[in-house]
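Observations on the model geometry
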Amino acid sequence: MSQTLPPVPSLEPLPLKSWGNDDLLLRPAGREAFAREDGLSFRVLDWPELRERFQVHDRRANAAKKRSRRLGLTSVILAGFGSAALALAPLLPKLALTPLLPKGIETIGISIGLAATVAGIGAGLWHLFQRNGKAHWLYDRTWTERLRQFYFQDVLMHFDDALLAMRGDVALAAYRQRRTAALEAVVRRLTRDLSNSDGIDNDHTLEDAWLDRDAALPAVPADGGARADDADRLLKRLRQQRLEIQGHYVNVNQVSHPFAPHVRKGWLAATGDIATALVALLAVAGGVALLAGQTDLSGILLALMGAVGAVGLMTRLLDSGLRDRVEAERYDWYRAAIERAMMRFDAGDRAGKIAVLREFEETSYQELRQFLRSHRNDRFFG
């Protein structure tokens with residue numbers, strides 16, 4: 001039976017914290033293990049210059065995303081807390097512990113709530129219209145994903161040269177020299193294409209999935225001999241690094257931790273539904289109490305209704321801004337595409353395996369375009 005994706009990992013607080021995405025051999029320990037296990041494939045898959053360029057953009061993307069999301073989350077929490085505090089402030093003088101509280105506690109509560117609300121709205125407007133953090137994040141993330149795609153595309157489009165370089169030192173030197181020149185050309189192209197404001201917004205055809213359009217189709221060795229064995233060895237490694245690692249990454253992001261899109265969309269939706277139901281119940285109870293002449297009880301119930309309503313609004317803003325439903329659908333689509341590719345890869349001959357990997361580069365490009373469209377359309381977060 002063909003092996004597809006690994007099972008979904010069990011829930012962990014931060015599963016990506018200690019997991020290295022080693023498809024580009026970023027970790028020294030991963031490179032050492034790879035070199036020990038399969039030194040021939042390592043000769044052509046080790047690409048220090050591309051890793052260095054990738055890590056520059058990866059660090060900048062992660063930092064920009066963290067800043068942008070922190071600001072967006074802060075704005076929503078401040079506005080929600082402030083609105084809830086404003087709703088509850090009239091109840092403060094009625095607390096049984098009033099003698100222990102300072103005079104003018106209601107005014108203090110109102111002032112705190114008003115300050116938090118204004119600060120949250122101000123931060124939200126700044127985040128909404130300034131948006132540099134998100135722009136920087138998406139710009140550098142586009143760089144990293146295009147470089148990741150080029151890493152595998154270069155091997156596929158020069159597969160025959162890679163086989164020669166696996167065992168020949170002269171061929172390896174020529175392979176690396178050509179690869180360095182190709183990387184420089186791709187960097188120039190990406191610098192040009194992504195430098196304008198529309199660089200990451202416009203939708204493109206699948207022709208743009210291939211960063212080196214002049215590369216020739218690879219020659220596939222026939223059965224028998226060292227070249228055929230090397231081809232099988234290299235294809236196995238490409239399966240692991242391109243398909244299996246992408247599949248594991250989707251699993252980890254999809255449902256393996258409490259804040260993954262599939263999980264988070266559930267508890268955000270549940271919190272919003274509970275808040276909506278409570279608002280309705282408190283409104284009815286407050287109205288009944290008011291009709292019964294219980295003005296104090298009615299005031300308490302209506303104040304609680306306002307506070308719960310603020311929590312519900314905050315939850316809806318989080319749900320809308322994080323776009324978890326859209327992200328979950330994208331992950332579902334990508335996971336299914338990876339599983340299909342792995343099954344077809346396992347069932348194919350050498351030419352079929354290369355064809356699957358080539359098609360997957362177009363799938364990867366489609367996933368990148370979906371990612372960019374999704375996050376360019378959200379309003380509150382980066």
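Residues numbered from 1 in each chain as written. Predicted model: local features only at pLDDT ≥ 70, side-chain atom pairs only at ≥ 80, totals over all residues. Heavy atoms only, no water.

1. Let's talk about the overall build of the chain
Quick note on the threshold: Each helix is a run of DSSP H or I of at least 4 residues and each strand a run of E of at least 2, with the numbering of both proceeding from the N terminus. For each residue, the accessible area found with a 1.4 Å probe, counting protein chains only, is set against the maximum for its type, and the residue is called buried under 20%, exposed over 50%, and partly exposed in between. Here, Shrake-Rupley sampling with a 1.4 Å probe gives the accessible areas, and only protein chains in the shown set may cover a residue.
Scanning the chain from terminus to terminus reveals 12 helices and 0 strands. Going from N to C terminus, the chain has its helices and strands arranged as α-α-α-α-α-α-α-α-α-α-α-α. Out of the 382 residues in the chain, the part that is buried amounts to 46%. Here the chain displays about 19000 Å² of accessible surface, and carbon together with sulfur accounts for 61% of that area.

2. Description of a nonpolar patch on the surface
Selection criterion: Patch rule: a residue counts if its relative accessible area is over 30% and it has no salt bridge; like charges are joined within 9 Å, and nonpolar side chains (Val, Leu, Ile, Met, Phe, Trp, Tyr) within 5 Å. Here, a salt bridge means any side-chain nitrogen of Lys or Arg that lies within 4 Å of a carboxyl oxygen of Asp or Glu.
Where nonpolar side chains cluster on the molecular surface, the patch consists of Leu-88, Leu-297, Ile-300 and Leu-304 and spans about 280 Å² of accessible area. No other element matches the 3 residues that helix 10 (residues 295-322) contributes to the nonpolar patch. Mapped onto the elements, Leu-304 comes out in helix 10. A relative accessible area of 35% means that Leu-304 is categorised as partly exposed.

3. A look at the packing of aromatic side chains
Cut-off, in case you're wondering: Any Phe, Tyr or Trp ring, taking Trp's six-membered ring, that has another such ring centre within 6.5 Å forms a pair; planes under 30 degrees apart are called stacked, those over 60 apart edge-to-face, and the others tilted. Two thresholds decide whether a charge sits over a ring: the Lys NZ or Arg CZ must be within 6 Å of the ring centre and within 35 degrees of the ring normal.
Counted under the stated rule, the structure contains 7 aromatic pairs. An aromatic cluster is present here, built from Trp-47, Phe-150, Tyr-151 and Phe-152 joined pairwise through their rings. Directly above the ring of Phe-34 sits Arg-237, whose terminal nitrogen or CZ lies 4.3 Å from the centroid. It is Arg-330 that lies over the ring of Tyr-331; its NZ or CZ is 5.0 Å from the centre.

4. Quick look at unusual backbone geometry
At Leu-25, a residue that is not glycine, the phi angle is positive and equals roughly 60 degrees. Here Leu-25 lies in the segment before helix 1 (28-37).

5. Focus on the pattern of salt bridges
Within the structure shown, the criterion is met by 22 salt bridges. Arg-239 is the partner of Glu-244 in a salt bridge, and the nearest nitrogen-oxygen pair spans 2.4 Å. Residue classification places Glu-244 among the partly exposed positions, given a relative accessible area of 25%. Each of the salt bridges in this network shares a partner with another, and the network as a whole consists of Glu-37, Asp-38, Arg-233 and Arg-237.

6. Structural notes on the nonpolar core
Soluble globular proteins: nonpolar side chains tend toward being buried together. Our working rule: The set of buried Ala, Val, Leu, Ile, Met, Phe, Trp, Tyr and Cys residues whose side-chain atoms join them within 4.5 Å is what this entry labels a nonpolar core. Any two residues whose heavy atoms approach within 4.5 Å at even a single point are treated as in contact.
Core analysis: the largest hydrophobic core is formed by 47 residues, its most contacted members being Val-44, Leu-45, Phe-150, Tyr-151, Phe-159, Leu-234 and Leu-238. Contributing elements (two or more residues each) for this core: helix 2 (39-45), helix 3 (48-88), helix 5 (132-157), helix 6 (159-167), helix 7 (169-193), helix 8 (226-255), helix 11 (324-347) and helix 12 (350-377). Excluding residues within four positions of it along the chain, Phe-150 makes contact with Trp-47, Leu-50, Ala-182, Leu-183, Val-186, Leu-211 and Asp-212. The next biggest cluster of nonpolar side chains, apart from the first, holds 7 residues, and it includes Ala-61, Ala-64, Leu-368 and Phe-371.

7. Remarks on the environment of Leu-211
Relative to the helices and strands, Leu-211 is located in the loop between helix 7 and helix 8. In the structure, Leu-211 is positioned 25 residues away from Val-186 in sequence and 6.6 Å away in space, judged by C-alpha atoms. Sequence-distant contacts of Leu-211, that is, excluding residues within four places in its chain, are made with Arg-146, Phe-150, Gln-153, Val-186, Arg-189 and Leu-190.

8. Observations regarding the confidence of the model for the chain
Condition: The predictor attaches a confidence to each residue, called pLDDT, with possible values from 0 through 100.
Here the chain averages 82 in pLDDT, and 82% of its residues register 70 or above. In the model of the chain, helix 4 (residues 105-130) stands out as the element of lowest mean pLDDT, 81, in contrast to helix 2, which has the highest, 95. Within the model, pLDDT remains below 50 along residues 8-20, and this stretch shows 27 contacts once partners closer than five positions in the same chain are excluded.

9. Digging into the side chain of Glu-367
Position of Glu-367 relative to the elements: it lies in helix 12. Contacts of Glu-367, omitting those with residues within four sequence positions, involve Arg-330, Trp-333 and Tyr-334.

10. Quick word on the packing of helix 6 against helix 7
Using the following cut-off: Interaxial angles span 0 to 180 degrees and are taken between N-to-C directions of axes, which are lines fitted to C-alpha atoms, for helices over the stretch in contact. If an angle is under 35 degrees, it is roughly parallel; if it is over 145, roughly antiparallel; if it lies from 65 to 115, roughly perpendicular; otherwise it is oblique. Crossing handedness follows the turn of the near helix against the far one: under a right angle anticlockwise gives a left-handed crossing, and clockwise gives a right-handed one.
Direction vectors running N to C along helix 6 and helix 7 enclose 135 degrees, while the axes themselves pass 6 Å from each other. With respect to their mutual orientation, helix 6 and helix 7 come out oblique. By crossing handedness, the relation of helix 6 to helix 7 is classed as left-handed. On the side of helix 6, the interface is formed by Asp-161, Ala-162, Leu-164, Ala-165 and Arg-167, while helix 7 contributes Asp-169, Ala-171, Leu-172 and Tyr-175.

11. Topic: the environment of Gln-246
Test applied: Here a polar contact is recorded for every N or O atom pair within 3.5 Å, except that within protein the pair must consist of a potential hydrogen donor and a potential acceptor, and residues adjacent in sequence are included only if both atoms are side-chain atoms.
Topologically, Gln-246 is positioned in helix 8. Classification of Gln-246 as buried rests on a relative accessible area of 8%. Each C-alpha atom of the pair Gln-246 and Arg-335 lies 8.6 Å from the other, and the pair is 89 residues apart in sequence. Apart from the residues lying within four places of it in its own chain, the contact partners of Gln-246 are Asp-23, Arg-148, Tyr-334, Ile-338 and Phe-360. Among the polar contacts made by the side chain of Gln-246, one reaches the side chain of Tyr-334 at a distance of 2.6 Å.

12. Some thoughts on the side chain of Arg-239
In this fold, Arg-239 is placed in helix 8. A polar side-chain atom of Arg-239 sits 2.9 Å from a polar atom in the side chain of Asp-346.

13. Some points on the environment of Asp-229
Inspection of the secondary structure assignment puts Asp-229 in helix 8. Look at Asp-229 and you get partly exposed, because its relative accessible area is 48%. Placed 66 residues apart in sequence, Asp-229 and Leu-163 show a C-alpha to C-alpha distance of 9.7 Å.

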